[in-house]
Structure formats: C-alpha cells, structure tokens
Amino acid sequence: MQEKITALRTQCIAEIRQCASTAQLQDVKVRYLGKSGQITALLKGMKDVAPEDRPKIGSMVNTLRNELEELLEKKTVEISEQEMKRKLQSERVDVSLKSLDEPLGTLHPITLVTQQIEEILVPLGFKVLEGPEIETDYYSFQALNIPADHPARDMQDTFYITDSILLRPHTSPMQARYMEKHQPPIKIVCPGKVFRSDSDASHSPVFNQIEGLVVDKHLTLCDLKGTLEYVAQNLFNKDTKVRFRPSYFPFTEPSVEVDLSCSNCGGKGCSLCKGTGWIEVLGAGMVNPFVLENCGIDSSKYNGYAFGMGIERIAMIKYGIPDIRLFYENDQRFLKQFKK
Ligand code: PHE
C-alpha cells in the first residue's frame, strides 16, 4: 500500500509538471482528486487496510492529498499568469500605428479672410448679415441712386435673369435693404458672393465682397478713414497706412478710392505694388443723402459712410496669390497651405 501511494505521488507530480494549460491541470485534478479519482479511491479502499495500519496509511494519503492540492494550486496560478501574458502579447494594440481617420480639411482662404475682417469689425459694434445673391434691379441700382438710364450701370457688367431680376454685381444692395427696415444708429457688415461678366487673372465672374455701412449723426470722412485704417492695420500690420483718392460712386458723395501702403515692401515700391508703394483695395464714401432718403432715413438728421471691398483682392495681397482663378480650382496643393 505504501509503495502504491509513493508511486501515485511520483506519477501525479510528474503529470502536474507537464501541464501547459489550466484545462490540462483541471483534467489531472479530476483524475486524481475527483470523485472517482485515484487518491479518492485510495481513501475509499481504507476499509481493506488492516486496522492497525489504518492511521498510518490514512495520514499518508491525507498528506499526499494536501500536497497535491497545494501543487495543483501553485501550478494553476503559474499557468494562468502565463496564459494572461500570452493573451496580452497576442492581443496587443499598437497605439503608434497611423490612424485610419479621414484627414481634416481646411478653411478656404476666402472664408479665412472674411472671418478675419468680421472678427476685426464685430468688436467695434458691427453686426454681420448676409443678403440674397439673386437681387432685384431696384435694390442693386435704383435705391442706390442709379436710375435706369444712368451711365454708372456700365460700371458693372451685370448678369440679368429678367429685366428686373439679376445676379447682384456688388454687396451694396444690402445697404438699402437694411436701411429700409432699421433706423440709425446702423453699423453692419455684409459679406457674400457677387457676379460680373468679367474674367481674367485678376477678375472672376463670381467673386466675394464685404460691404460696410455706418449711419449715425455727425459722421465724417475721418470716421471712415479711422475705421479702414484700423481694419487694415489688424489685417496686415500695424504700420499699414491708408490713402484716399477722389472717386465716383452714385451711392456715395463724396466717394473715394482707398489705397493701402504695400504690405510687401512697406511702401518702398516692389513688383506687388508696381513700384508705387500703394495698393488699391476698395471703394468707399459718405452715403449719398439721396440713398438715405430712398430708404426712409431723414438725411437732415443723419449721415453715414460705406465701404465695399473685394475679399479675393485682399487675400491675394495678404498671401501673395498671383492669380484669382486659384481660389476656385480647389487644388488641394493650394488649399492645404492655409492650414492653421
Ligand atoms: N459697391 C462698390 C463696388 O462694388 C463699392 C462701394 C461700396 C463703394 C460702398 C462705395 C461704398 O465697386
């Protein structure tokens, strides 16, 4: 009996050592310590042992059972640790791998510049609003002091849809639309698309303008100049200067053509400013009293100033873009350069 116990011990320990998985260990456990396992069978067979040997044999079997249980327990911990390690290895996620996410796009330079101008003017109290791209002849011309037979209509080559409906050739109709519904003080900026039958390296049949209008009491050209200087210095750099040249628009009186000192050469003269040191960027003036009256504002009490600038033109100067058509081709190589 003693030999049998010793042999069983040796055999069982060897089997435990060979186990490589918790499943195998479980199998060994069942075969030796389970209900019909070999050790359990030994205990059951105690009745056949001579009574005087029973205590000794009994304690031997119990010791063996305890020893094997302990061994199995130890081996189980060991193997499950190994199994966990293997699992962690095989299921590892390489967080340094490039992600498959869609790449983020960029804001179009037209949007960028529009937002920049808005961000400069909004803190000064300007309200941003947009108007219809398909306009009436009335708001585009008549309300702005340009009657049907007026030669100033030739200043813009307008796309007509019908005799009285057209694609707006400038953002100025928004002046009239807003003044009709609001009394001063008025301070608005209106960005948006405009359309003219014109196309070359510096003209596109569709381009963007931003219109500014201020109506209040006792405004002067100085207010207009100060505002434009503030915009220019924030948009380009703090040394940018503004120059007014006399001009003509039916809706402003007096009217001015506005030049900025060249941001490229600082006014010394370069290829961008064609050696003059100045770049023409926008049209502006004091709102013509006829326009105020057309829109229901008392011109004996109030006056105003207005300006309209081409966004593409500003962006071309700011970013050194040589051809206006680049804005509309949507070439990724061009657009990517405006990533913030
Ligand atoms: N609407 C004019 C243009 O498109 C610009 C302008 C706006 C001039 C406001 C004066 C006042 O050329």
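About the cut-offs
- Residues numbered from 1 in each chain as written.
- Predicted model: local features only at pLDDT ≥ 70, side-chain atom pairs only at ≥ 80, totals over all residues.
- Heavy atoms only, no water.
- Domains from an automatic or database assignment.
- Near = heavy atom within 4 Å.
- Polar contact = N/O pair within 3.5 Å; in protein donor to acceptor, adjacent residues only side chain to side chain.
- Areas by Shrake-Rupley, 256 points an atom, 1.4 Å probe, with all protein chains shown as cover.
- Helix = DSSP H or I, 4+ residues; strand = E, 2+ residues; numbered from the N terminus.
- Nonpolar A, V, L, I, M, F, W, Y, C, P; charged D, E, K, R; others polar.
- Buried < 20%, exposed > 50% of the residue type's maximum accessible area, 1.4 Å probe, protein only.
- 1 Å grid on protein atoms, 1.4 Å probe; cavity = no way out; pocket = protein on both sides within 12 Å on 5 of 7 lines; lining within 4 Å.
- Points joined across faces, edges and corners; volume = space filled by probe spheres on them.

1. Some details on the domain arrangement of the chain
- Under the domain assignment, the chain is made up of domain 1 (2-90) and domain 2 (109-338).
- Computed over C-alpha atoms, the centres of domain 1 and domain 2 are 93 Å apart.

2. Focus on the site of the ligand
- Within the structure, the ligand sits among 14 residues, and His170, Ser172, Arg196, Gln209 and Gly308 are positioned closest to it.
- Take His170: an N or O atom from its side chain is 3.0 Å from a nitrogen atom of the ligand.
- Between the ligand and Gln209, the relevant distance is 2.9 Å, taken from an oxygen atom to a side-chain nitrogen or oxygen of the residue.
- The protein chains hide 92% of the 320 Å² of surface that the ligand would expose on its own.
- Sorting the residues of the shell around the ligand by element identifies β5 (206-216), β8 (278-287) and β9 (303-310) as the ones contributing at least two each.
- Of the residues forming the shell around the ligand, the biggest block, 3 residues, is contributed by β9.
- A breakdown of the residues in the shell around the ligand according to their chemical character gives 5 nonpolar, 7 polar and 2 charged.

3. Section: the environment of Arg17
- Its place among the elements puts Arg17 in helix α1 (residues 2-18).
- The exposure class of Arg17 is exposed, given its relative accessible area of 64%.
- Distance from Arg17 to Leu71, taken between C-alpha atoms, is 9.2 Å for residues 54 residues apart in sequence.

4. Here we look at empty space enclosed by the protein
- Taken as a whole, this structure holds 2 cavities of 30 Å³ or more when the rule is applied.
- Approximately 50 Å³ is the volume attributed to the largest cavity.
- With 4 residues, the single largest contributor to the lining of the largest cavity is helix α8 (residues 221-235).
- Grouping the amino acids of the lining of the largest cavity by side-chain chemistry returns 9 nonpolar, no polar and no charged.
- There is about 30 Å³ of room inside the second largest cavity.
- In terms of lining residues, the second largest cavity is bounded by Phe236, Leu260, Ser261, Cys262, Ser263, Ile279, Val281 and Ile317.
- Going through the elements one at a time, β7 (252-261) and β8 are the ones with two or more residues in the lining of the second largest cavity.

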